[in-house]
Amino acid sequence: MLKHFYIFRHGQCPLNVTNHIQGQSFNGQLTAIGRLQALNTAQKLKNKGITLIVSSPMKRAMQTAKIVADIIKAPIFIDSRFIEVNMGIVEGMHISYVEKYYPDIYFKWRHDTTGNTRFAGGESKKEVRARILDGLNHYSLNTFHQNIGISSHGIAISQIMQHLGIPCSNVPNGAILHISHHLSDWHYHEFIN
C-alpha cells in the first residue's frame, strides 16, 4: 500500500535564535515566531489528507504537532524514535565555543558523509538515521494510515534525505519533507520550505 509521510521540523525555539546546540537536554518551548511557523506548516499540510501525526517527545516538536493537529484535525502519537539527536558533551554550548574548543570533531560532525562521528556521550548521525528509518518503516508497515505527519527535528529530515541520496545542507524551522513508501521502497517527492 502506498503511504505518504510529511516530516516537518518544529518551529523556532530560543536556542535556534542564540546559536546554542540544543540536543536532547534542552527541552524549550516555541517562541512567538515558532508558533507562527507552526501555523504556516499547518496551512501547508491541511489538504494532504493526514490522519495521524507522530511527534518527537521534545516540547518544541510536541507544541508544533499540536498546532498542526488542531488545524488538520488529526490525533497525535508520541514516538521517541523521532527525538532530537543526542549531542553529548556539547549540548547547550554556543556554536562558537564548540568551534573553538572542539574544532576537529565539530568539522567532522558537520561534514562526515559516513555518519560515524559523534561527540563524547552523544549519538552519531548513522545511529539517528537508523532509529528514524525504524520508526518510518514501522508506520509504513503497521498502521492503516495512508498519510502521516511527523513533527520532528532538522536532523530527522537531513538524515532521511541522506538515506535517499539527496543533498541537504540546511533544514529551516517549519520545513517539510514529503516522501512515500511503496512496495518496500522509499521515494522522495519534495522539500517544502
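This one's a predicted model, so the numbers in the text were calculated from it and none came from an experiment.

**Some remarks on the overall build of the chain**
(1) Moving on: Scanning the chain from terminus to terminus reveals seven helices and six strands.
(2) Moving on: Shown N-terminal to C-terminal, the secondary structure of the chain runs as helices and strands in the order β-α-α-β-α-β-α-α-α-β-α-β-β.
(3) Moving on: Relative to a compact globule of 193 residues, whose C-alpha radius of gyration would be 16 Å, the chain shows 16 Å and is just as compact.
(4) Moving on: Along the first, second and third principal axes, the C-alpha set of the chain runs to 50 × 40 × 25 Å.
(5) Moving on: When the 193 residues of the chain are sorted by exposure, 51% land in the buried category.
(6) Moving on: Of all intrachain contacts in the chain linking residues separated by at least 6 positions in sequence, the fraction that spans at least 24 positions is 68%.
(7) Moving on: Per element, the accessible surface of the chain, about 9100 Å² overall, is 54% carbon and sulfur.

**What to know about the packing of helix α6 (residues 125-142) against helix α7 (residues 154-163)**
(1) Moving on: Between α6 and α7, the shortest axis-to-axis distance is 9 Å and the interhelical angle comes to 85°. The angle between α6 and α7 falls in the class roughly perpendicular. Side by side, α6 and α7 meet where K125, V128, R129, I132, L133 and L136 of the first sit next to I155, A156, Q159, I160, Q162 and H163 of the second.
(2) Moving on: Class assignment for the residues of the contact of α6 with α7 results in seven nonpolar, three polar and two charged.

**Focus: the side chain of H4**
(1) Moving on: Secondary-structure assignment places H4 in strand β1 (residues 3-9).
(2) Moving on: Not counting residues up to four positions away in its chain, the partners in contact with H4 are Q146, N147, I148, H178, I179, S180 and H189.

**Some details on the sheet that holds strand β3 (residues 76-78)**
(1) Moving on: Spatially, β3-β2-β4-β1-β5-β6 is the arrangement adopted by the six strands of the open sheet, whose pairing is mixed. Two strands bound the open sheet, and with one partner strand each, they are β3 and β6 (185-192). Averaged over all neighbouring strand pairs, the angle between strand axes comes to 25°, with direction disregarded.
(2) Moving on: Here strand β5 (residues 176-182) pairs with β6 via seven bridges, running antiparallel. Its bridge partner lying in β6, H182 is registered against D185.
(3) Moving on: Contacting β1, β2 (52-55), β3, β4 (147-152), β5 and β6, α6 crosses the sheet at an angle of about 145° to β1.

**Some remarks on the pattern of salt bridges**
(1) Moving on: Tallied over the entire structure, the rule returns six salt bridges.
(2) Moving on: One salt bridge in this structure joins R81 and D134, with 3.1 Å as the shortest N-O distance. Pair noted here: R81 is in the loop between β3 and α4 (95-101) and D134 is in helix α6, with a separation of 53 residues, a long-range link.
(3) Moving on: In this structure, R131 engages E123 in a salt bridge whose closest nitrogen and oxygen atoms are separated by 2.9 Å. For the residue pair R131 and E123, the accessibility class agrees, reading buried in each case.
(4) Moving on: Three or more residues joined by partner-sharing salt bridges are found here, namely D79, R81 and D134.

Rules used in this analysis
- Residues numbered from 1 in each chain as written.
- Predicted model: local features only at pLDDT ≥ 70, side-chain atom pairs only at ≥ 80, totals over all residues.
- Heavy atoms only, no water.
- Helix = DSSP H or I, 4+ residues; strand = E, 2+ residues; numbered from the N terminus.
- Rg over C-alpha atoms; globule rule 2.2 N^0.38 Å.
- Buried < 20%, exposed > 50% of the residue type's maximum accessible area, 1.4 Å probe, protein only.
- Contact = heavy atoms within 4.5 Å.
- Areas by Shrake-Rupley, 256 points an atom, 1.4 Å probe, with all protein chains shown as cover.
- Axes fitted to C-alpha atoms, helices over the stretch in contact; angles between N-to-C directions.
- Parallel < 35°, antiparallel > 145°, perpendicular 65-115°, else oblique.
- Nonpolar A, V, L, I, M, F, W, Y, C, P; charged D, E, K, R; others polar.
- Pairing = 2+ DSSP bridges.
- Salt bridge = Lys/Arg side-chain N within 4 Å of Asp/Glu carboxyl O.

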